[in-house]
Amino acid sequence: MRGSRPPGVMAGMHGNRLGLMGHYYGGMLDIYTDLTLQCATFGTHMEIIEVDELTALRRTAEDSLVARRLREFHETFEVQGDCAVEDLTEAARTSVALDQLVENHRLGSLAYYYQGTGVAENEATIASIIPGTSLLTARGVPVAGEYEVKNAQAMKIMDLFGAGGSFTEYYAMDFTDDVVLMGHDGPGHIAIAQGRTKMRPLRVYHGKVGRGVAVEMSVRHGPVTLLSVIEAAGGRLALLCAEAESVPGPILEIGNTNSRYRFSCGAREFVNRWNRHGPAHHCAVGVGQLSDRIEKLGALLGLEGHQGLLNSFSS
């Protein structure tokens, strides 16, 4: 993947149009953010989008395009045998509609969450969204679930650097192997996956209504960088990053993105240092060592940086 230097990333963020579809996850207060502050800091335009629009686009999606997207699913993903044909078809229809939505609003990124209740069509839209949003993320339109605006911004920064930028959060800590297990349900950045990304069925979506198909992958083994856009004291944004290594080993096979990360300062110390700065529980992960470039980007934007507070990756 080829990416921009810090000035190019700054320009890319300034010209980016971030779609906001749905609403925040009730009670998940750490991810809430000031949209005006995001616009003022990065120059990002926020485009408010109704879920109903995506549902309407699904209705008019051409069958030939849906069939073509189904073939693309089988070419791109390792589709598991227990994925129902009707669920795959629904996901393909939503994927086609998503492409049209992105084109209509000229989006460069998207944050969404919609629990859905009482409107079956909208529930079907959201329950079939993950494969299409994963394809968009791999094509340079990163998509963050749970309406995580700050993380959509972090993912876009990582993508502009050419590092990927996949949605992630803590799952668990393995004190025996001294690694932190991180990942998330929803879209994955399949362009930075270790091997082919699996597509699995979910009888119940995690914390949401409906069922459908989801993606399961690990981030490519080797050096990685974690990035979080945080709201610091004094009402300003800051960039928090850490370098680590994505390492092989057992993961939870639950239809989510899952990876094992080793930090040279150790798992316990990393978690303590990272959370000392009050980030949301989500962050973006990209391949390669990027802390120096992120530091330069922060300086160009006039942001406070925390990249020097975590030990760098070392083999």
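Here the structure is a predicted model, which is why all the values come from computation and not from measurement.

(A) Geometry of the overall build of the protein. Counting its regular elements, the protein contains 10 helices and 14 strands. Compactness check: the protein gives a C-alpha radius of gyration of 18 Å against a globular reference of 20 Å for 315 residues, within 12% of the reference. Referenced to the eigenvectors of the C-alpha coordinate spread, the extents of the protein come out at roughly 50 × 45 × 40 Å. Residues classed as buried in the protein amount to 57% of the 315 residues present. The long-range share in the protein, meaning contacts at least 24 apart out of those at least 6 apart in sequence, stands at 77%. Accessible surface, the protein: about 12700 Å² in total, of which carbon and sulfur atoms supply 49%. In the protein, 28 side chains carry a positive charge and 36 a negative one; their mean positions are 5 Å apart.

(B) Region of interest: the packing of aromatic side chains. Applying the stated criterion across every chain yields a total of 6 aromatic pairs. The interplanar angle of 70° and the centroid separation of 5.9 Å between the aromatic rings of Phe 73 and Phe 77 together place this pair among those described as edge-to-face. Note on accessibility: Phe 73 and Phe 77 belong to one class, buried. Ring geometry for Phe 263 and Phe 270: centres 3.7 Å apart, planes at 5°, overall stacked. The same class applies to Phe 263 and to Phe 270, which are both buried. Put simply, the rings of Tyr 24, Tyr 32 and Tyr 147 pair up and form one aromatic cluster.

(C) Molecular detail of helix α2 (residues 35-42). Buried within α2 are the following residues: Leu 37, Gln 38, Thr 41 and Phe 42. Here the buried residues of α2 occupy an arc of 105° about the axis, which is enough to place them on one side. Set apart from the buried face of α2 by more than 90 degrees, the exposed residues are Thr 36 and Ala 40. At its buried positions, α2 is contacted by α1 (6-14), β2 (45-49), α8 (149-160), β10 (222-232), β11 (236-247) and α10 (291-301). The N-terminus of α2 is capped by Asp 34, whose side-chain oxygen sits 2.9 Å from the backbone nitrogen of Thr 36. Following α2 by one or two positions, Gly 43 has its phi on the positive side, about 80°.

(D) Structural context of helix α3 (residues 51-59). Buried within α3 are the following residues: Val 51, Leu 54, Thr 55, Leu 57 and Arg 58. One side of α3 carries all its buried residues, which in axial view fall inside an arc of 160°. Where α3 is buried, its residues touch β1 (17-22), β2, α5 (85-105) and α6 (120-127).

(E) Region of the structure containing unusual backbone geometry. Here Arg 106, not a glycine, exhibits a phi torsion of approximately 55°, which is positive. With respect to the secondary-structure elements, Arg 106 resides in the loop between α5 and β4 (109-113).

(F) Quick look at the confidence of the model for the protein. Per-residue confidence for the protein gives a mean pLDDT of 91, with 94% of residues at or over 70. Within the protein, β2 carries the highest mean pLDDT (98), whereas strand β14 (residues 304-305) carries the lowest (77). Scored below 50 in pLDDT, residues 311-315 makes 12 contacts in the model with residues more than four places away or belonging to other chains.

(G) Up close: the packing of helix α4 (residues 63-76) against α5. Running from amino to carboxyl end, α4 crosses α5 at an angle of 110°, the nearest separation of the two axes being 8 Å. With respect to each other, α4 and α5 are oriented roughly perpendicular. On α5, the residues touching Asp 63, Leu 65, Val 66, Arg 69, Leu 70, Phe 73 and His 74 of α4 are Leu 88, Thr 89, Ala 91, Ala 92, Arg 93, Ser 95, Val 96 and Asp 99. In the contact of α4 with α5, the residues fall into 8 nonpolar, 3 polar and 4 charged.

(H) Quick peek at the nonpolar core. Counting 59 residues, the largest nonpolar core has Met 21, Ile 129, Val 219, Leu 226, Tyr 261, Phe 263 and Phe 270 as its most contacted members. When residues in this core are grouped by element, the largest group, 8 residues, is from α5. With near-sequence residues (within four places) excluded, Tyr 261 lies in contact with Val 179, Val 180, Met 182, Val 219, Val 224, Ala 244, Glu 245, Ser 246 and Val 285. Core analysis: the second largest hydrophobic core is formed by 32 residues, Phe 161, Ala 163, Leu 239 and Ile 294 among them.

(I) Just the sheet that holds strand β5 (residues 143-144), in detail. Strand order across the open sheet formed by 4 strands is β2-β1-β4-β5, with parallel pairing between neighbours. The sheet is open, and its two borders are formed by β2 and β5, each paired with just one other strand. Bridge count between β1 and β4: 5 bridges; the pairing is parallel. Residue pairing across strands places Leu 20 opposite Ala 111, the latter belonging to β4. Docked against the sheet, α5 engages β1, β2 and β4, running at close to 130° with respect to β2.

(J) Spatial organisation of the pairing of strand β6 (residues 164-174). The pairing of β6 with strand β13 (residues 282-287) spans 5 bridges and is classified as antiparallel. Across the sheet, the residue bridging to Phe 167 is Ala 284, located in β13. As defined by bridge partners, β6 adjoins strand β7 (residues 179-184) across 5 bridges and the pair is classed as antiparallel. Across the sheet, residue Asp 174 finds its bridge partner in β7, namely Val 179. Where β6 hands over to β7, the hairpin turn is made up of 4 residues, of which Asp 178 adopts a positive phi near 60°.

Rules of the game
Residues numbered from 1 in each chain as written. Predicted model: local features only at pLDDT ≥ 70, side-chain atom pairs only at ≥ 80, totals over all residues. Heavy atoms only, no water. Helix = DSSP H or I, 4+ residues; strand = E, 2+ residues; numbered from the N terminus. Rg over C-alpha atoms; globule rule 2.2 N^0.38 Å. Buried < 20%, exposed > 50% of the residue type's maximum accessible area, 1.4 Å probe, protein only. Contact = heavy atoms within 4.5 Å. Areas by Shrake-Rupley, 256 points an atom, 1.4 Å probe, with all protein chains shown as cover. Lys, Arg positive; Asp, Glu negative; His and termini not counted. Charge placed at Lys NZ, Arg CZ, Asp CG, Glu CD. Phe/Tyr/Trp six-rings, centres within 6.5 Å; stacked < 30°, edge-to-face > 60°. Arc of directions from axis to C-beta. Polar contact = N/O pair within 3.5 Å; in protein donor to acceptor, adjacent residues only side chain to side chain. pLDDT = per-residue confidence, 0-100. Axes fitted to C-alpha atoms, helices over the stretch in contact; angles between N-to-C directions. Parallel < 35°, antiparallel > 145°, perpendicular 65-115°, else oblique. Nonpolar A, V, L, I, M, F, W, Y, C, P; charged D, E, K, R; others polar. Core = buried A, V, L, I, M, F, W, Y, C linked by side-chain atoms within 4.5 Å. Pairing = 2+ DSSP bridges.

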